[in-house]
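Residue-level listing of the chains:
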Amino acid sequence: MADRKRVLSGMRPTGPLHLGNFHGALANWVNIQDQYDCFFFIADWHALTSDYEDTGKISGFVHNMILDWLSVGLSPEKSTLFVQSHIKEHAELFLLLSMITPVPWLERNPTYKDQIIQLSNKDLSTFGFLGYPVLQAADIIIYKANGVPVGIDQVPHVEITREIARRFNFLYGDVFPEPQAILTETPKILGTDRRKMSKSYDNAIYLSDTPEQIAKTVSRMITDPQRARREDPGDPDVCNVFEFHKLYTDKKTVEEINRNCRTANIGCVECKKIMAANLAKELAPVREKRAFYESRPALVAEILQHGDEKARNVARQTMEEVRSTIKI
Ligand code: TRP
Ligand code: SF4
């Protein structure tokens, strides 16, 4: 359908995807596939901005990411799935945009300031890291995307993208629409230690986990911190396990747990077992689909090639327009 609005989003391939990634982004991507003309890509060049010293793992992560994507239901028939570094036009547009982007816009980017502090173990004082949003702007506007489904942390980047698009249009002529961030409500999924779920905190449940791994990780989850002993009543409202129950357990059981926890009629060990089993059941079709694609590498390669080609066609057209607009 030609009249559908175009949306685009990307993910950095920094490791296997977990439930936080799923509920924070992927689930929404899967849902909007019928509504929009979707472009989803693996931002492997963006992974270099922080992992430039250790590049050996990136291509494996890219391969894993496409398996994760396909296994949750991103569909090559509905969406254009591709890899950033396969479309060299992103780099050309990035260069051109870098000429018109004032450095202070990048220096006051809250994500930039935040990451420099968070990742203090890495030397991020590079040109590439400062320019991260410029590459992201190129990713987005080269496809003339109208919407960018992202988490709240990415809103500043979409804002910079709008500013860069506006500046380009002002300086050279109207080429780019100004994209809007598409924010969605996401459930509050925390890691086993109640911090944000993240590979680097070793507190995540992965989409590719087996039921055994799930049970093991769930057994380590911190529950209501006030509930020290089995006889103590608990408070589901402050319990991360209960948040998971709300997502994976049927309503009636959730209500029972809600009551029985408060009266100490159910213990955390049992409660977790129920949740882990339901979660494993929920993920069973995902694991099955993953196995299907894992055993068909040629098919996966073909899917990516097809996506790359579709993306490249659009990117090429835009770049022709860009070159003729700036007369170079
Ligand atoms: N910065 C995004 C992230 O860390 C990844 C990304 C790169 C992206 N380019 C993009 C997201 C373009 C949306 C659109 O998650
Ligand atoms: Fe949380 Fe369940 Fe323990 Fe209650 S019984 S504190 S809901 S894990």
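Before reading on, note that the structure itself is shown above.
Reading guide: rules and limits
Residues numbered from 1 in each chain as written. Chains lettered and ligands numbered in written order. Predicted model: local features only at pLDDT ≥ 70, side-chain atom pairs only at ≥ 80, totals over all residues. Heavy atoms only, no water. Near = heavy atom within 4 Å. Polar contact = N/O pair within 3.5 Å; in protein donor to acceptor, adjacent residues only side chain to side chain. Areas by Shrake-Rupley, 256 points an atom, 1.4 Å probe, with all protein chains shown as cover. Helix = DSSP H or I, 4+ residues; strand = E, 2+ residues; numbered from the N terminus. Nonpolar A, V, L, I, M, F, W, Y, C, P; charged D, E, K, R; others polar. Phe/Tyr/Trp six-rings, centres within 6.5 Å; stacked < 30°, edge-to-face > 60°. Buried < 20%, exposed > 50% of the residue type's maximum accessible area, 1.4 Å probe, protein only. Lys NZ or Arg CZ within 6 Å of the ring centre and 35° of its normal.

Undergrad: Looking at this structure, I do not really get the site of ligand 1. What am I missing?
TA: Close contacts around ligand 1 come from 14 residues, with His-46, Tyr-132, Gln-136, Asp-139 and Gln-154 the closest. Between ligand 1 and the protein, one listed contact pairs a nitrogen atom with a side-chain N or O atom of Tyr-132 at 2.6 Å. A distance of 2.8 Å is found between a nitrogen atom of ligand 1 and a side-chain nitrogen or oxygen belonging to Asp-139. Calculation on ligand 1 without its partners gives an accessible area of 360 Å², and the protein chains cover 90% of this total. In terms of residue count, the dominant contributor to the shell around ligand 1 is helix α8 (residues 132-141) (four residues). Partitioned by chemical class, the residues of the shell around ligand 1 number seven nonpolar, five polar and two charged.

Undergrad: What is the right way to read the packing of aromatic side chains from this model?
TA: The relation between two aromatic rings is expressed through the spacing of the ring centres and the mutual angle of the planes. Inspection of the entire model under this criterion finds 12 aromatic pairs. Measuring from ring centre to ring centre gives 5.4 Å for Phe-41 and Phe-82, while their planes differ by 25 degrees; the resulting arrangement is stacked. Placement of the pair is Phe-41 in strand β2 (residues 37-42) and Phe-82 in strand β3 (residues 80-83), with a sequence separation of 41 residues. Per residue, the accessibility class of Phe-41 equals that of Phe-82, and both read buried. Taken together, the aromatic side chains of Phe-39, Phe-41, Phe-82 and Tyr-143 make up a single cluster linked through ring pairs. Note that Arg-195 overlies the ring of Tyr-201, its terminal NZ or CZ placed 3.8 Å from the centroid.

Functional significance is not addressed by these values, which are geometric in nature.
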